[in-house]
Amino acid sequence: MHRYKFVLYRPIQFLPVLFGISVVTFVLVRFIPGDPARVLLGARATPTAIANIRRQYGLDEPMWLQYFYFLKNLLNGEMGKSILYKIDVLKLILTRIEPTLVLVLASVVLSVLIAVPMAALAARNHGRFADHAVRVISTAGIGFPPFWLGLMLIILFSVNLGLLPVSGYGETLGAKVAHLVLPSLTIALSLSTVLTRSLRAAMVEGLRSDVATAARARGMPERVVFWRHVVPNSMVPTINLLAVNIGWLIGGTVVIESVFAIPGIGQLLVRAIFSRDYMVVQGVAMVLACATVLINLIADIVTVAADPRVKL
Amino acid sequence: MSARTIGGKWMGWQGRLGRQPALMFGATILIAFVLIALLAPYVSPYDPILQNAEVRLQAPSWAHPFGTDNFGRDVLSRVIWGVRIDLQIAILGVIFPFIIGTLVGTVAGFFGGIVDTLFMRLVDIILAFPFLVLVLSIIAILGPGLGSFYIAMALVGWVSYARLIRAQVLVLKSSDYAVAAVSLGFSRTRIMFRHLLPNAIAGSVVFSMSDAVLVLLNGAAISYLGLGVQPPIAEWGIMVAEGQPFITTAWWITLFPGLSIVMLAFGFSMFGDALGDALGVKE
């Protein structure tokens, strides 16, 4: 397939998945035991409100027709109303999206900044002490529960050193940045263990590649061979790995937002589960799934654009 | 001729294991945790849920090596009893998805066609969701608790195993011995489960070890959030959550359960990595 054609066709291939996501989230809420209208309204279940919900979602109609109404509402940007906050779910999510978005982006950037030097150290000392040390650290690091690691960082940086705020989210830009340092460092440390392992493998392979041999034959110093030829080539698999792990990253954000009391989408989801605010749970699950699909799509396109070796 | 004389490749499994220090190391950690879980009533110095107001928030000492929490409960005893729950989370949270995924993957790979297409589209859809978000959403519907966690894991976790097994079965079903089994007139069930599956399963077994790490972390995280194991049961994730309000003064309540998670996860990782090397399975 031609490159440009791919960029156009790839999004279309994701349409069935988006359709599937809507079916799964629809089924999820229909599986709640009891009368859905009553459950969705919670304590506010007055007869008129129940009748309204029944009409809006066609709850007396056959299942396929209910799904059709659900989809129609969805395409109009209506995901129902939150019981707890009494506003539209989509609006609610939009007010909470900023901290989550910044947290995810900062974590990705930080994890790359941690993983690249670690992997470089290991790959350039392949089979020697530094290599083994990095392997042990990254193997052990995978098992660090992020919620606990976050608390340990709070003890170190906030309690003992008094450098950073313990939790919450600020109003001004400076305060926001200060509040997001520890949470993003927590996620980045977890993510970088996985990144380091695969980056190291890609770099070791790169050092043995024809490109590297040819560069050495031209008299290029090893340091230049590494940073100019090996590292850029190992970045493409890293982009893919980040995309594969985006679901994991978002899951980690959900937990970390609760640890640090950051008012993002993750904390919204957890609170919605506790307060049985099902429309919010459904909306958040859908938005995060769509975000995952979108990021994978972007990664696919970036990979194709960045690496002429990729075969379609 | 005895098997040993032929050389390394045909050496008995005892010999091969002996040459795998990483495998032995990982196995030792895991066995140690299993022993602690079995012997918890005998090795834990105190009752894990008995409250004692006289020894609230005491720092580690000879009487309480890991200190006490805000209810005066002995943290060491709670960590020891926690092994039972967290080991169970890692094992049960992997076994159900493993069985379901293996069955689906074998059937989808063997039959191909519409069955395969349907299952693989379902896999794509489930994988589109962030894992933890889908698990949390299912727990939201079923209500908090460990049972809901296992059901959610079974509903979501099988996809990785199904993909792994399916890919193997697709390759193996055109191998000579599979074709031979077909021409001998063996039933499809027999070919699938007696001939193909045993050869296809190595990769999944290795994967299940790194999966156990993720399941343990997710299970502990869900309990930390208050949606899994419920108090007063001693479980490491809850213990971290219970210690959080006291991290400025009583760090020991959060430190030790977290370290236990790290140790158990490290055991699974080491064992899984070494097993992968020993079986020649690439990630």
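Residues numbered from 1 in each chain as written. Chains lettered and ligands numbered in written order. Predicted model: local features only at pLDDT ≥ 70, side-chain atom pairs only at ≥ 80, totals over all residues. Heavy atoms only, no water.

### Looking at the nonpolar core
For clarity, the threshold we go by: Residues enter a nonpolar core if they are buried and are Ala, Val, Leu, Ile, Met, Phe, Trp, Tyr or Cys, with the set joined through side-chain atoms within 4.5 Å. Exposed residues in this analysis have more than 50% of their type's maximum accessible area, buried residues have under 20%, and partly exposed residues fall in between, with area computed by a 1.4 Å probe over protein chains only. Elements are defined by DSSP. Helices are runs of H or I of four residues or more, strands are runs of E of two residues or more, and each kind is numbered from the N terminus. Throughout the structure description, domain borders are defined by an automatic or database domain assignment. The criterion used for residue contact is that any of the two residues' heavy atoms lie within 4.5 Å.
A:Phe147, A:Met203, B:Leu136, B:Phe149 and B:Phe268 are the most contacted members of the largest nonpolar core, which totals 158 residues. No other element matches helix α12 (residues 252-279) of chain B, which puts 13 residues into this core. Built from parts of two domains, this core gets at least three residues from each of domain 1 (26-77) and domain 2 (96-306) of chain A. The contacts of B:Phe149, once residues within four sequence positions are left out, are B:Ile89, B:Val135, B:Ile139, B:Val215, B:Asn218, B:Gly219 and B:Ile222. Core analysis: the second largest hydrophobic core is formed by eleven residues, B:Ala178, B:Met192, B:Leu196 and B:Ala200 among them.

### What to know about the UniProt feature "transmembrane region" (unreviewed entry) in chain B
Residues and elements named next belong to chain B. Let me state the cut-off plainly: UniProt positions are given in the numbering used here, feature names are shortened, and annotations may be inferred rather than shown by experiment.
Per the UniProt record, the feature "transmembrane region" (unreviewed entry) sits at residues 21-43, 89-115, 196-229 and 249-272. Taken end to end, residues 21-43 is 100% helix and 0% strand, and its first and last C-alpha atoms sit 28 Å apart. The distance separating the terminal C-alpha atoms of residues 89-115 is 32 Å; by composition the span is 96% helix and 0% strand.

### What about the pattern of salt bridges?
To keep things clear, this is the line we draw: In what follows, salt bridge is the name for a side-chain nitrogen of Lys or Arg lying within 4 Å of a carboxyl oxygen of Asp or Glu.
Per the counting criterion, the structure on display carries 13 salt bridges over all chains. Between A:Arg200 and A:Asp131 there is a salt bridge; the shortest N-O distance is 2.6 Å. Within this pair, whereas A:Arg200 is found in helix α8 (residues 173-207), its partner A:Asp131 is found in helix α6 (residues 129-142), the two being separated by 69 residues in sequence. You can call A:Asp131 buried: its relative accessible area is 4%. Between B:Arg121 and B:Asp124 there is a salt bridge, and its shortest N-O distance comes to 3.0 Å. Taken as a pair, B:Arg121 and B:Asp124 lie in helix α5 (residues 113-128) at a separation of three residues, close to a single helical turn. Since its relative accessible area comes to 43%, B:Arg121 is described here as partly exposed.

### Focus: the packing of aromatic side chains
Quick note on the threshold: Centres within 6.5 Å are what make two rings of Phe, Tyr or Trp a pair, Trp counting through its six-membered ring; a difference in plane orientation under 30 degrees is then read as stacked, over 60 as edge-to-face, and the rest as tilted. Charges are assigned to positions over rings by a cutoff of 6 Å between ring centre and Lys NZ or Arg CZ, combined with an angular limit of 35 degrees from the ring normal.
Scanning the entire structure with this criterion turns up 17 aromatic pairs over all chains. A centroid spacing of 5.3 Å and a plane angle of 75° characterise the contact between B:Tyr161 and B:Phe207, whose relative ring orientation is edge-to-face. Of this pair, B:Tyr161 sits in helix α7 (residues 146-172) while B:Phe207 sits in helix α10 (residues 202-224), placing them 46 residues apart in sequence. Relative accessible area serves as the criterion here: at 27%, B:Phe207 is assigned to the partly exposed category. Here the aromatic residues A:Phe19, A:Phe26, A:Tyr67 and A:Phe70 are joined through ring pairs into a cluster of three or more. Taking NZ or CZ as reference, A:Arg124 lies 5.1 Å from the ring centre of A:Phe226, over its face. Looking at B:Arg190, its charged tip hangs above the ring of B:Phe186, at a distance of 4.0 Å from the centre.

### Here we look at the domain arrangement of chain A
All names here are of chain A. What counts is decided by this rule: The term buried area means the drop in 1.4 Å probe accessible area that two parts suffer when joined, counted for both and summed. Two N or O atoms count as a polar contact when they lie within 3.5 Å, although within protein this holds only if one can serve as hydrogen donor and the other as acceptor, and sequence-adjacent residues are included solely when both atoms are side-chain atoms.
When the domains of chain A are assigned, the result is domain 1 (26-77) and domain 2 (96-306). The gap between the C-alpha centroids of domain 1 and domain 2 is 39 Å. Contact residues are listed per partner, giving eight residues for domain 1 and four residues for domain 2. Between domain 1 and domain 2, roughly 610 Å² of surface is buried when both sides are summed, and carbon and sulfur atoms account for 81% of that area. At the junction of domain 1 with domain 2, the criterion picks out zero residue pairs in polar contact (both at pLDDT 80 or more). Those elements giving two or more residues to the side of domain 1 that touches domain 2 turn out to be α1 (3-30), α2 (36-41) and α4 (63-75).

### So, the interface of chain B and chain A
Facing the 41 residues of chain B at the interface are 45 residues of chain A. Carbon and sulfur atoms supply 81% of the area that chain B and chain A bury against each other, a total of about 3,600 Å² over both sides. On inspection of chain B and its partner chain A, the count reaches three salt bridges. The closest approach of N and O atoms between B:Asp277 and A:Arg135, which form a salt bridge, is 4.0 Å. Inspection of the chain B/chain A interface yields four residue pairs in polar contact (both at pLDDT 80 or more). Those elements that place two or more of their residues in the side of chain B that touches chain A are α5, α6 (131-142), α10, α11 (236-243) and α12 of chain B. With eleven residues, the top contributor of residues to the side of chain B that touches chain A is α12(B).

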